[in-house]
Amino acid sequence: MAHSDPPLRKRKRSKSEENMGEEKELGGSLLKRNADRKQNLADLKTWWDGAFQRHSHSSAKNILNAALVIFGALPTVGIAVWVLSCNPTPNNGNVDDLHTMKEAYESSFRSLLYWSPLFLINFVFFINVDIIFYIIGLLQRSFWLIDPYWTLFPSIFGLIWASHPMAVVNARTIVANILTLIWAIRLTHSYFRRENWKFGEREDWRYTKMAMEHGKPLWYLISFFTVGVAQHPMLVGISLPLYSVAFGPYAKHSSFDWIDGIITVLCLTGITIACIADNQLRSFMMENESRRSQGLPKIRLLRKGLWRYSRHPNYFGEQMWWWSLALFSLKVGQYWAIAGTALNSLVLAIVTVMTESKMLREWPPERAALYKQYQKEVSACFPWFLFGRDKSSGDEDQDI
């Protein structure tokens, strides 16, 4: 009797083989996504520059963009000077009081802007950013200009409010505006250092992403709302404490005391934390750039310094700064003014999730896996010192 051979059994794959197979699949998927992304970016470049305006320091485009940064706020300053130099009707009243505003509006729009410094700032923002910056963005095919002005407008708004003839100008007003100016100088320096001291070379990656998603011509319309109008409540909102110190209910009758001193220290602490975190991040990036030029493997993750205890210590410093500044609003009895700070905290939380998702989606599988472990061990924003120190796996020194 003939005997047939027994059927061959399929060998069970080991765990390491399964992991290798998964890594190959992830690597292939990543390569495909990157290839698709490059093609989409190439298609986008035919009608929208976005993040691709490469130019030298001495180029005509860089000089033009530098002029836009220097003179971009002239409409805001010009309108403010025009309004605050008028002889208002009525001759007396309370700022942002509905009865006074109604009487002023019946006289002239200029008087209305005078008696409502809050409406004045919203009006100049609408003209300067929502309309003029939007038109400039369409002409240049990039909405880069709003980024540097994120660091400049709060100080400009604060100075306009403090210059109002009806404003309370005391130690608190002066300190709050000086603190905001320090914050603006620090962040402006950090922004242009990151941009290699160039102007308008790239826009926020989220705008480029939205341009790819919506396409032409829909992006031309949608961008008016997602870029200009969307920035409006956030930028004016975080500036509201500077309005409070000038026009708050108790601004005139509440002197600068030890509570204001504590608030000042907290503000400076937040600015300092953000500065240290940004400097540590820059050192990390410069180190990797140096290693790349030498043909050495890059360091996978930054997990030293403040980044050992928080995945985004620069965000934590920024939030500490803005919430500390908002305490001035509470001090002078204008509680509603912290709404802008709360809105920005919510937006920042959403942006943080978007940014980390983007990194995990675009990074190589090995680096993404390390970051997922980092997410498990370290807080997203608030620095839980013991949490980060005890569980740090030391992957900051591993190369790829």
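Everything below is about the structure shown above.
In this text, all values refer to a predicted model and were calculated from it rather than measured experimentally. (Residues numbered from 1 in each chain as written. Predicted model: local features only at pLDDT ≥ 70, side-chain atom pairs only at ≥ 80, totals over all residues. Heavy atoms only, no water.)

Asks: Explain unusual backbone geometry to me, and be specific about the residues and the numbers.
Replies: The peptide bond linking Thr89 to Pro90 adopts the cis configuration, its omega dihedral lying at 0°. If you trace the backbone, Pro90 turns up in the loop between helix 3 (74–84) and helix 4 (98–107). Backbone torsion omega between Lys216 and Pro217 reads 5°, so that peptide bond is classified as cis. Among the secondary structure elements, Pro217 is positioned in the loop between helix 10 (205–214) and helix 11 (218–247). Even without being a glycine, Asp96 presents a positive backbone phi close to 55°. Tracing the backbone shows Asp96 in the loop between helix 3 and helix 4. (Helix = DSSP H or I, 4+ residues; strand = E, 2+ residues; numbered from the N terminus.)

Asks: So what about the side chain of Glu201? Which residues, and what values?
Replies: Here Glu201 shows up in the loop between helix 9 (171–194) and helix 10. Separated by 3.4 Å, the side chain of Glu201 and the backbone nitrogen of His55 make a polar contact. Engagement of the side chain of Glu201 in a polar contact is seen with the side chain of Lys198, the distance being 3.1 Å. (Polar contact = N/O pair within 3.5 Å; in protein donor to acceptor, adjacent residues only side chain to side chain.)

Asks: Got a sec to walk through the nonpolar core? Specific residues and values, please.
Replies: Within the largest apolar cluster, 62 residues are counted, with the highest numbers of intra-cluster contacts made by Leu120, Phe133, Leu145, Phe153, Trp219 and Trp321. Element by element, the count of residues in this core is highest for helix 11, at 11 residues. Leaving out residues up to four positions away in the same chain, Trp219 has contacts with Trp47, Trp48, Phe143, Tyr207, Met210, Ala211, His214, Thr226 and Val227. Among the nonpolar cores identified, the runner-up in size contains 13 residues, and Phe284, Ile299, Trp307 and Trp363 belong to it. (Core = buried A, V, L, I, M, F, W, Y, C linked by side-chain atoms within 4.5 Å. Buried < 20%, exposed > 50% of the residue type's maximum accessible area, 1.4 Å probe, protein only. Contact = heavy atoms within 4.5 Å.)

Asks: Break down the packing of helix 9 against helix 13 (residues 313–331) for me, citing the residues and quoting the values.
Replies: Relative orientation of the contacting elements helix 9 and helix 13 amounts to 165°, with a least axis distance of 12 Å. The pairing of helix 9 with helix 13 is recorded here as roughly antiparallel in orientation. Crossing handedness for the pair helix 9 and helix 13: left-handed. Judged by residue contacts, Arg172, Ala176, Leu179, Thr180, Trp183, Arg186 and Leu187 of helix 9 engage Glu318, Trp321, Trp322, Leu325, Phe328 and Lys331 from helix 13. Its residues assigned to classes, the contact of helix 9 with helix 13 comprises eight nonpolar, one polar and four charged. (Axes fitted to C-alpha atoms, helices over the stretch in contact; angles between N-to-C directions. Parallel < 35°, antiparallel > 145°, perpendicular 65-115°, else oblique. Left-handed = near helix turned anticlockwise from the far one by under 90°. Nonpolar A, V, L, I, M, F, W, Y, C, P; charged D, E, K, R; others polar.)

Asks: Quick rundown of the packing of aromatic side chains? Include the residues and the values.
Replies: Summed over all chains, the structure comprises 31 aromatic pairs. On the numbers, 5.1 Å between centres and 45° between planes, the contact of Trp48 with Phe143 is tilted. Of this pair, Trp48 sits in the loop between helix 1 (15–44) and helix 2 (60–71) while Phe143 sits in the loop between helix 6 (117–140) and helix 7 (146–150), and the two are 95 residues apart along the sequence. The burial state of Trp48 is the same as that of Phe143; both residues are buried. (Phe/Tyr/Trp six-rings, centres within 6.5 Å; stacked < 30°, edge-to-face > 60°.)

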